[in-house]
Amino acid sequence: MNTTSRPRTRAILRIHFHPAERTDELYEQLLAVIDGISSRVEPLPADWSACVDLTGALTYWGYDVEGLVAVLRLRLLALHGVQCSAGAGPTRSIAAMAADATPPGTATVVRDDPYEIATFLRTKPASALPGIGPKTARTLARYGITSVGDIADTQLSTLQRILGTTAARLVT
């Protein structure tokens, strides 16, 4: 028996639907298509999207993240004629950022790899990080810190002088 196992790749999907007409019935049908891929679906009807945990589905379907997202997007288009934009990543926030940056009819996948995550986040505005609201973003911008990469490149002691100890630790 093999006692060592590879860590399972965590994959969270944020998918936005872009139908010609929005009805409650159509939204429920789109969610049913997603439920056919993964039962771990959180509907987000306010912006016609959903958050889906694909982690277990990857093993079940035998696909990688890109492949499973492509199958899902194709099913939504074939069954309901609905284009979608999708973002996938190892966390809900990365998946949401990827989906927000993705045009309809395409997908952005950020793999669960520290280098790929850092590359993806580096160019995002500082306000994309949880806990950085408009006021904190303005404060950082006064010091020339406008992106996640700028925050990563700034010493903790400098961030502590600008934001205070607790806030600086939260953003790093």
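Notes on the structure follow. None of these values were measured; they are calculated from a predicted model.

## A word on helix α8 (residues 156-163)
Where α8 is concerned, the buried positions are L159, I162 and L163. With its buried residues spanning 75° around the axis, α8 presents them on a single face. Downstream of α8 by a residue or two, G164 has a phi angle that is positive, lying close to 100°.

## Observations regarding the nonpolar core
Ranked by size, the top nonpolar core spans 27 residues in total, and within it L13, I15, F17, L54, L72 and L76 carry the most contacts. Residue assignment for this core shows that the elements contributing at least two residues are β1 (12-18), α1 (24-35), β3 (49-53), α2 (55-61), α3 (65-80) and β4 (83-89). Per element, the largest residue contribution to this core is six residues, and it comes from α1. In this view, L54 contacts A11, L13, I37, S38, L68 and V69; residues no more than four positions away in its chain are not counted. Grouped together as the second largest cluster of nonpolar side chains are 20 residues, V110, A126, L129 and I132 included.

## Section: the packing of helix α4 (residues 92-100) against helix α5 (residues 114-122)
Contact pair α4 / α5: the axes reach a minimum separation of 11 Å and the direction vectors enclose 50°. One finds that α4 runs oblique with respect to α5. For the crossing formed where α4 meets α5, the hand is left-handed. Together, I94, M97 and A98 of α4 and I117, F120 and L121 of α5 make up the contact between the two elements. When grouped by side-chain class, the residues that make up the contact of α4 with α5 number six nonpolar, no polar and no charged.

The rules behind the values
Residues numbered from 1 in each chain as written. Predicted model: local features only at pLDDT ≥ 70, side-chain atom pairs only at ≥ 80, totals over all residues. Heavy atoms only, no water. Buried < 20%, exposed > 50% of the residue type's maximum accessible area, 1.4 Å probe, protein only. Helix = DSSP H or I, 4+ residues; strand = E, 2+ residues; numbered from the N terminus. Arc of directions from axis to C-beta. Core = buried A, V, L, I, M, F, W, Y, C linked by side-chain atoms within 4.5 Å. Contact = heavy atoms within 4.5 Å. Axes fitted to C-alpha atoms, helices over the stretch in contact; angles between N-to-C directions. Parallel < 35°, antiparallel > 145°, perpendicular 65-115°, else oblique. Left-handed = near helix turned anticlockwise from the far one by under 90°. Nonpolar A, V, L, I, M, F, W, Y, C, P; charged D, E, K, R; others polar.

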